[in-house]
Amino acid sequence: MTVDFPKVPHTTKIRNVRKNRQSAITTFFLNLMRSWTGIIGFIIILILLLISIFGQWIVPFDPLLADFSKKLLPPMTGGHLLGTDQLGRDIFSRIIMGAKISVIIGLSTVLIAGTFGTIVGIISGYFRGWVDVVLMRIVDVQLSFPFILLVLVINAIIGSGLRNIIISLAIGGWVIFARVIRSEVLALREQEFITACVATGVSKFGILFKHILPNLFTPIIILSSLQIGTYIIAEASVSFLGFGVQPPEPAWGNMLNEGKDYIFSSWWLITFPGIAIMITALGVNLFGDWLRDTLDTELKGE
Amino acid sequence: MLDFIIKRLIQVVVVVLLALTVVFFLIRLSGDPTALFLPPDASREQIEEYREMLGFDRPIYIQYGEFMVNAVQGDFGQSLRSKEDALPLVLSRLPATFQLAISALILSLLIAIPLGVLSAYKRNSVFDRISVALTVLGQAVPSFWLGLILIYFFAAQLNILPSGGAGSIVHLILPMITLAAYSVARFTRFTRSTMLDVLRKDYIRTAKASGVPTIRLVGRYALKNSLIPIITLVALDLGTLLGGAVITEVVFAWPGVGRLLMQSLMNRDFPIVLAGVFIVALIYAVINFIADILYAYVNPQIRVK
Amino acid sequence: MEKILQVKDLRIQFNNGKENIQPIRGVYFHVNKGETLGIVGESGCGKSVTSLSVMGLLPQKTSEIVSGEILFNDRDLSRLTEREFRKLRGNEISMIFQEPMTSLNPVFTIGKQLSEPLRQHKKMSKSKIRETIIAVLKQVGLPRAEQIIDEYPHQLSGGMRQRVMISLALLCQPKLMIADEPTTALDVTIQAQILELLKNIKRKNDMSLILITHDLSVVAEMCDRVVVMYAGEVVEEAEVNELFDQPLHPYTQGLIQSLPSNNKRKSKLFSIQGQVPKPSEIKEGCVFANRCPFVFGKCLTETPPSFQKGKHISKCWLQDPEEMEVKRIGESSTVIS
């Protein structure tokens, strides 16, 4: 005799992740069109990505080429849109190339910190027990130390450079992911459809991969998009303080660090890289806020 | 309540000790600092002699044990450069950091809470929209850059405020504004959304049905309900403020712990770094501890059992 | 009999940014001095919106009274300014809400919250306020009123909180009290106590009571007269015995039939087929037409007026004297969905 189990009922709160791809993309743009802040954020991010991919072909000057005969030219002189710095390098070109560094750092950090934090969060939230206790103690301890200071100290100790700043940021950043994902997993575990799975004899890993992981997609995306801005500003701060990305690399924080000595004579050195950081952070934040609001209502609304 | 306080105090101690441990090992694993004290052409014997003198030749767990035993007694050794005692040096810089951080905190709360409340009260008005736009912008501006811009305008161009240093209240103005800016944006935004949340609650409707005027409803009732989440956020953000203080201190050459810590990191002057980490972790843990107590005080569901 | 409240042809419109909907369309009823009026209907039928409009508590920016009057002692409430309304609220008209658990502010003591109507409406000294509060707390049957006044809501049970809510509504001795599902969120045993309390208080203080509920047994227990609402309209109004003995509107008949009765224990529970139309789906014709077992042609094209038979009013074409001969149950039971 076979017993017919009822189909696993998906509670209304759970988003059906395997939607038609086409419709998901259409929905994305339809939602985006409703919010002008979301559109602005999206456009800024799009421009940023395009610049960081194609930047090396659109820069008017070599961003690393020093020419003392042209040093500290104000904007709009000698073909230099945003002027030149103390070594005669073209600031516009440097800012364009700096975008790439910011994007690489933001994305790599979120990838590393996000992956590691998510794994820890899932282990903690799904398997509970002493593992959970130990991991969450570690998270608590780390969260009780200022993020930017932690990144600074780690970076100062392990040394500067692009790779090391990413590592430092990731070490500082994974805890947020672990914390949030853990609480998401805990909440999901309590959902009726998971209980139903357990009751129908689906294995622990089956539940984890088929039911819990897909539903973590949304919180991970939201959190990642909100964190990238933090990472980009943190990197700029660390580089500004003389750690992080080192000269002559045209990181925006770097440029501000070098430019600050000329603040009384050449304002453009400190103005434009800062504006670049601000617009980038603004775009990422706006987009992240919009994404959170949209996906949140989607979660609640259906 | 006493149980709660004791539990939290133990947590403070654990956090501080763990922070020290992690930084200690990070430093030791990152390389031998002896080389930094000697000229590049120092002979092998000289290096060895120096290592022995500083105790870097012994096994790391003995170094760690000795360090921790001394650390809990407040002895972090001497600065590798100036030979001053590390902890007293850090402590001597503490008042300046406190002055900066507390004044920035007060400034940001004084601006953010009324602004957020008013924004929620006049929801969707022009005032509200401008305030929301400013907070979004404020959260995107890196504080060190804001500091540079302020220096440019008020010191370089207008020449009415000093660009750095300390000594008088005038010196405090720019660093204070720089440090407060991000918090103002964040707190305003949060106050607004919390107030909007609270204003939708059933008990606000009850108060309204009792004939309470809107001004009193917002300023007296909803505000007190909002204070619980606001205090929580402010406590969580004090770390960011403290971190921001480090950067602000460097920008304005403000003689606080942050600037000292930065210089020591640059010079790999590790006794001072460790003493600095110790102090920062301690302050942060204590602030969180106070915030928890404050939280319990505002929330009668915790206070009265 | 003196009418303390008259609602005439009330029409309310909500605007949610995209479209206008009218959750209340042409609502008509009155409350006599000293009586208990029950307003019955399913959730979403507009009974709460009606009561909130009497209290002036509808959200100001998104809602609007399109037409009609709300006369309280011959004063039109729908035209009052916020300031004038405030003098009325908690003073001459007061309200008890459904959720005692969330209707009290968690960060203020009971005494602080109860002092508010007195502060706003009566000129009293602090000690007099305290005295009055303790007296009222005792009146609603709360033990150790002297201590409770300094306690916080979370220290009280649900039933006690609802008593506190009642005393809050009672403090200024209002002429009209509106109770919106006052017992729905409570345990069954507590429900009976609270209803009994409301009954006594109403009698002692010589006030009128509007009792909003979806529960017909509460109505039978408490009310003098009943208004039945469906999808934003009043479909029937009658004295309570009349309504239960001789319901005229098919919706009311359905409601009464769906009450589980003691003598037909084994019979299948009756339920009205179909669903309440959303306010945006309301078309011409009778609002109940899509669920009515007696529906016929006219119901779908023309909105029925209110037919009056003595004090019994119903909004159904079957009560039209001209249609009486058409009424043949069974023949026209095509249900339009």
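Residues numbered from 1 in each chain as written. Chains lettered and ligands numbered in written order. Predicted model: local features only at pLDDT ≥ 70, side-chain atom pairs only at ≥ 80, totals over all residues. Heavy atoms only, no water.

- Looking at an unreviewed UniProt entry, one finds chain C named Peptide ABC transporter ATP-binding protein, with Viridibacillus arvi as its source organism.
- Of the comments in the UniProt record for chain C, the one headed Sequence similarities (unreviewed entry) reads "Belongs to the ABC transporter superfamily."
- Under the heading Subcellular location (unreviewed entry), UniProt records this for chain C: "Cell membrane". (UniProt positions renumbered as here; feature names shortened; annotations may be inferred.)

- An unreviewed UniProt entry annotates chain A as Peptide ABC transporter permease originating from Viridibacillus arvi.
- As recorded by UniProt, the Sequence similarities (unreviewed entry) comment attached to chain A reads in full: "Belongs to the binding-protein-dependent transport system permease family."
- According to the UniProt record, the Subcellular location (unreviewed entry) comment for chain A reads "Cell membrane".

**Side note on the pairing of strand β9 (residues 225-230) of chain C**
Residue and element names in this part refer to chain C.
Okay, step 1: Here β9 lies mainly inside the structure; six of its six residues are buried.
Okay, step 2: Neither face of β9 is open: one carries R225, V227 and M229, the other V226, V228 and Y230, and all of them are buried.
Okay, step 3: Relative to β9, strand β3 (residues 36-40) runs parallel, the two being bridged by four bridges. Within β9, the position partnered with I39 by the bridge is V227.
Okay, step 4: Inspection of the sheet shows β9 paired to strand β10 (residues 233-239) by six bridges, in the antiparallel sense. When the sheet's bridge partners are listed, R225 is paired in β10 with E239. (Buried < 20%, exposed > 50% of the residue type's maximum accessible area, 1.4 Å probe, protein only. Helix = DSSP H or I, 4+ residues; strand = E, 2+ residues; numbered from the N terminus. Pairing = 2+ DSSP bridges.)

**Quick word on unusual backbone geometry**
Okay, step 1: With an omega dihedral of 5°, the bond running from P247 of chain A to P248 of chain A counts as a cis peptide bond.
Okay, step 2: As for its placement among the helices and strands, P248 of chain A is situated in the loop between α8 (204-240) and α9 (252-259).
Okay, step 3: Unlike most non-glycine residues, R268 of chain B shows phi in positive territory, near 50°.
Okay, step 4: In this fold, R268 of chain B is placed in the loop between α10 (257-267) and α11 (270-298).
Okay, step 5: Of note, R144 of chain C is a non-glycine position whose phi angle comes to about 40°, a positive value.
Okay, step 6: Tracing the sequence through the fold places R144 of chain C in the loop between α4 (126-139) and α5 (145-148).

**Here we look at the UniProt feature "domain: ABC transmembrane type-1" (unreviewed entry) in chain A**
Okay, step 1: When the UniProt feature table is mapped to this numbering, "domain: ABC transmembrane type-1" (unreviewed entry) covers residues 99-288 of chain A.
Okay, step 2: This span, residues 99-288 of chain A, is 83% helix and 0% strand, and a straight line between its end C-alpha atoms measures 19 Å.

**A look at the interface of chain B and chain C**
Okay, step 1: Each partner contributes residues to the interface: chain B has 23 residues there, and chain C has 29 residues.
Okay, step 2: When the two sides are added together, the surface that chain B and chain C hide from each other amounts to roughly 2400 Å², 56% of it contributed by carbon and sulfur.
Okay, step 3: Linking chain B to chain C there are one salt bridge.
Okay, step 4: Between E116 of chain C and R216 of chain B there is a salt bridge; the shortest N-O distance is 3.0 Å.
Okay, step 5: Viewed at the interface, chain C and chain B are joined by eight residue pairs in polar contact (both at pLDDT 80 or more).
Okay, step 6: At the level of elements, α8 (202-209), α9 (214-251) and α12 (300-303) of chain B are the ones that each hand at least two residues to the side of chain B that touches chain C. (Contact = heavy atoms within 4.5 Å. Buried area = accessible area lost by both parts, 1.4 Å probe. Salt bridge = Lys/Arg side-chain N within 4 Å of Asp/Glu carboxyl O. Polar contact = N/O pair within 3.5 Å; in protein donor to acceptor, adjacent residues only side chain to side chain.)

**Comments concerning a negative patch on the surface**
Residues and elements named next belong to chain B.
Okay, step 1: On the surface, E45, E48, E49, E52 and D57 cluster together to form a negatively charged patch.
Okay, step 2: Summarising the element assignment, E49 is placed in helix α2 (residues 44-54).
Okay, step 3: Classification of E49 as exposed rests on a relative accessible area of 59%. (Patch = residues over 30% accessible without salt bridge, like charges linked within 9 Å, V, L, I, M, F, W, Y side chains within 5 Å. Areas by Shrake-Rupley, 256 points an atom, 1.4 Å probe, with all protein chains shown as cover. Lys, Arg positive; Asp, Glu negative; His and termini not counted. Charge placed at Lys NZ, Arg CZ, Asp CG, Glu CD.)

**Quick look at the packing of aromatic side chains**
All names here are of chain B.
Okay, step 1: Inspection of the entire model under this criterion finds 22 aromatic pairs over all chains.
Okay, step 2: With a centroid separation of 5.1 Å and an interplanar angle of 45°, the aromatic rings of F76 and F278 are classed as tilted. Of this pair, F76 sits in the loop between α3 (60-72) and α4 (86-121) while F278 sits in helix α11, and the two are 202 residues apart along the sequence.
Okay, step 3: A relative accessible area of 7% places F76 in the buried class.
Okay, step 4: The exposure class assigned to F278 is buried, which follows from its relative accessible area of 16%. (Phe/Tyr/Trp six-rings, centres within 6.5 Å; stacked < 30°, edge-to-face > 60°.)

**As for the UniProt feature "transmembrane region" (unreviewed entry) in chain A**
Residue and element names in this part refer to chain A.
Okay, step 1: Cross-referencing UniProt, the feature "transmembrane region" (unreviewed entry) maps to residues 39-61, 103-127, 139-158, 220-245 and 265-287 in the present numbering.
Okay, step 2: Between the end C-alpha atoms of residues 39-61 there is a gap of 31 Å, over a span that is 87% helix and 0% strand.
Okay, step 3: The straight-line gap between the two end C-alpha atoms of residues 103-127 is 35 Å; of that span, 100% is helix and 0% is strand.

**Brief notes about the interface of chain B and chain A**
Okay, step 1: Taken together, the 40 residues of chain B in the interface contact 36 residues of chain A.
Okay, step 2: Interface area, chain B with chain A, both sides summed: about 3400 Å², of which 83% is carbon and sulfur.
Okay, step 3: Counting the surface chain B buries against chain A, the share from its top three residues, F144, W145 and L148 of chain B, is 18%.
Okay, step 4: At the boundary of chain B with chain A, the tally comes to one salt bridge.
Okay, step 5: Between R189 of chain B and D289 of chain A there is a salt bridge, with the nearest N and O atoms lying 2.5 Å from each other.
Okay, step 6: Of all elements in the fold, only α1 (2-29), α5 (126-140), α6 (143-157), α9, α10 and α11 of chain B reach the threshold of two or more residues within the side of chain B that touches chain A.
Okay, step 7: Residues of the side of chain B that touches chain A, tallied by class, amount to 31 nonpolar, seven polar and two charged. (Nonpolar A, V, L, I, M, F, W, Y, C, P; charged D, E, K, R; others polar.)

**Digging into the environment of K260 of chain A**
Okay, step 1: On the secondary structure map, K260 of chain A appears in the loop between α9 and α10 (268-301).
Okay, step 2: Distance from K260 of chain A to D293 of chain A, taken between C-alpha atoms, is 38 Å for residues 33 residues apart in sequence.
Okay, step 3: When neighbours within four sequence positions are excluded, K260 of chain A is seen to be in contact with F240 and I270 of chain A together with L148 of chain B.

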